[in-house]
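# Reading the structure
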Amino acid sequence: MKIIGTLDSPFVRRTLVSFETLGIEFEHQWLSVLTNVDEFKKVNPVVKAPTLVCSDGEILMDSNMIIQYGEQVLAKRSLMPEASKYRTALQSIALALTANEKTVQIVYETRIRPEEKRHDPWLDRVKQQLECAYDGLHKIYSARAEDHIPTFTQDDITVATAWRFTQFIANDVILAEKYPALVKLSEFMEATEIFKKYSGQ
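Let me begin by describing the structure that accompanies this report. What you see is a predicted model; the values in this text were computed from it and never measured.

The rules we used
Residues numbered from 1 in each chain as written. Predicted model: local features only at pLDDT ≥ 70, side-chain atom pairs only at ≥ 80, totals over all residues. Heavy atoms only, no water. Helix = DSSP H or I, 4+ residues; strand = E, 2+ residues; numbered from the N terminus. Rg over C-alpha atoms; globule rule 2.2 N^0.38 Å. Buried < 20%, exposed > 50% of the residue type's maximum accessible area, 1.4 Å probe, protein only. Contact = heavy atoms within 4.5 Å. Lys, Arg positive; Asp, Glu negative; His and termini not counted. Charge placed at Lys NZ, Arg CZ, Asp CG, Glu CD. Core = buried A, V, L, I, M, F, W, Y, C linked by side-chain atoms within 4.5 Å. Phe/Tyr/Trp six-rings, centres within 6.5 Å; stacked < 30°, edge-to-face > 60°. Lys NZ or Arg CZ within 6 Å of the ring centre and 35° of its normal. Pairing = 2+ DSSP bridges. Axes fitted to C-alpha atoms, helices over the stretch in contact; angles between N-to-C directions.

Here the focus is the overall build of the protein chain. When you go through the protein chain residue by residue, the secondary structure sums to eight helices and four strands. Counting from the amino terminus, helix and strand elements in the protein chain follow one another as β-α-β-α-β-β-α-α-α-α-α-α. In terms of C-alpha radius of gyration, the protein chain reaches 17 Å, essentially the compact-globule figure of 17 Å for 201 residues. For the C-alpha atoms alone, the extent of the protein chain along its principal axes is close to 50 × 45 × 30 Å. A total of 201 residues make up the protein chain; the buried ones form 46% of that total. Sequence separation of at least 24 residues holds for 66% of the intrachain contacts in the protein chain that already meet a minimum separation of 6. Between the centroid of the 24 positive side chains of the protein chain and the centroid of its 28 negative side chains there is a distance of 2 Å.

Structure, rendered in structure tokens:
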């Protein structure tokens, strides 16, 4: 069984960390949707990362679908928190995935699209959406007790991978000093062995 994609994708990284946390054995194959398109097409013609190649050759794609399959079929346990924290976890995951999408849009607008074709009003809107997503996440994480210790629940995994990605791509848009609760989460998670293993460094 293989998970295909690069560690500079927060969608790929959250999937790898989740599978490792669940104790699922897999191989990670490093293929980029940008620089390894032809090779990626041979595995998944849609060229979407992450892609899971199952032991029987069937493929699944999209981090949510892959993680759900890993939890329900392979590990038979969930990384979601207890019922009292479930809805907040869903809110956090949705905001973090939105932050990922908006950060990816910034990449495409500023690093891939030719400058003469760039539409600044659209880019400004994306940045505003990104900021709103992190404002929402910071509110949630700031409300937690000071002595709260992050865990390997899906919300903490997804928020931490999103934060690192955005800080790598758009730290001029999302200023770390504005979000101390998210910095605290990130520092804790990035210091763990699983996050180090899938850091790409």
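Additional details are given in the paragraphs that follow.
Let us now look at the nonpolar core. Counting 49 residues, the largest nonpolar core has Leu130, Tyr134 and Leu182 as the members making the most contacts within it. Residue assignment for this core shows that the elements contributing at least two residues are β1 (2–4), α1 (10–22), β3 (51–53), α4 (83–112), α5 (120–142), α6 (154–170), α7 (180–190) and α8 (193–197). Those residues in contact with Leu130, other than ones at most four positions away along the chain, are Ala99, Lys102, Thr103, Ile106, Thr166, Ala170, Val173 and Ile174. By size, the runner-up hydrophobic cluster in this structure holds five residues, among which are Phe11, Met80, Ile93 and Leu97.

Right, let's talk about unusual backbone geometry for a bit. Pro50 follows Ala49 through a cis peptide bond whose omega is 0°. In this structure, Val47 takes a positive phi of about 55° despite not being glycine. Relative to the assigned elements, Val47 resides in the loop between α2 (37–43) and β3. Unusually for a residue other than glycine, Asp62 sits at a positive phi of about 85°. Using a relative accessible area of 26% as the deciding quantity, one classes Asp62 as partly exposed.

As a further point, take the packing of aromatic side chains. If you walk through the whole model with that rule in mind, you get six aromatic pairs. When the ring of Phe19 is compared with that of Phe26, the centres are 5.9 Å apart and the planes differ by 85°; the resulting orientation is edge-to-face. The buried category is assigned to Phe19, whose relative accessible area is 0%. Cluster of aromatic residues (ring-pair linked, three or more members): Phe19, Phe26 and Tyr198. When the ring centre of Tyr141 is taken as origin, the NZ or CZ atom of Arg144, which lies over that ring, is 4.1 Å away.

Taken together, the four strands give an open sheet; going across it, the order is β2-β1-β3-β4, and neighbouring strands pair in mixed fashion. Sheet topology places β2 (27–29) and β4 (59–61) at the edges, where each strand pairs with a single neighbour. Across this sheet, the average inter-strand angle for adjacent strands is 25°, counted without regard to direction. When β3 meets β4, the two strands line up antiparallel, connected through three bridges. By the bridge assignment for β4, Thr51 is matched with Met61. Sheet contacts for α1: β1, β2 and β3; angle to β1, the most-contacted strand, approximately 160°.

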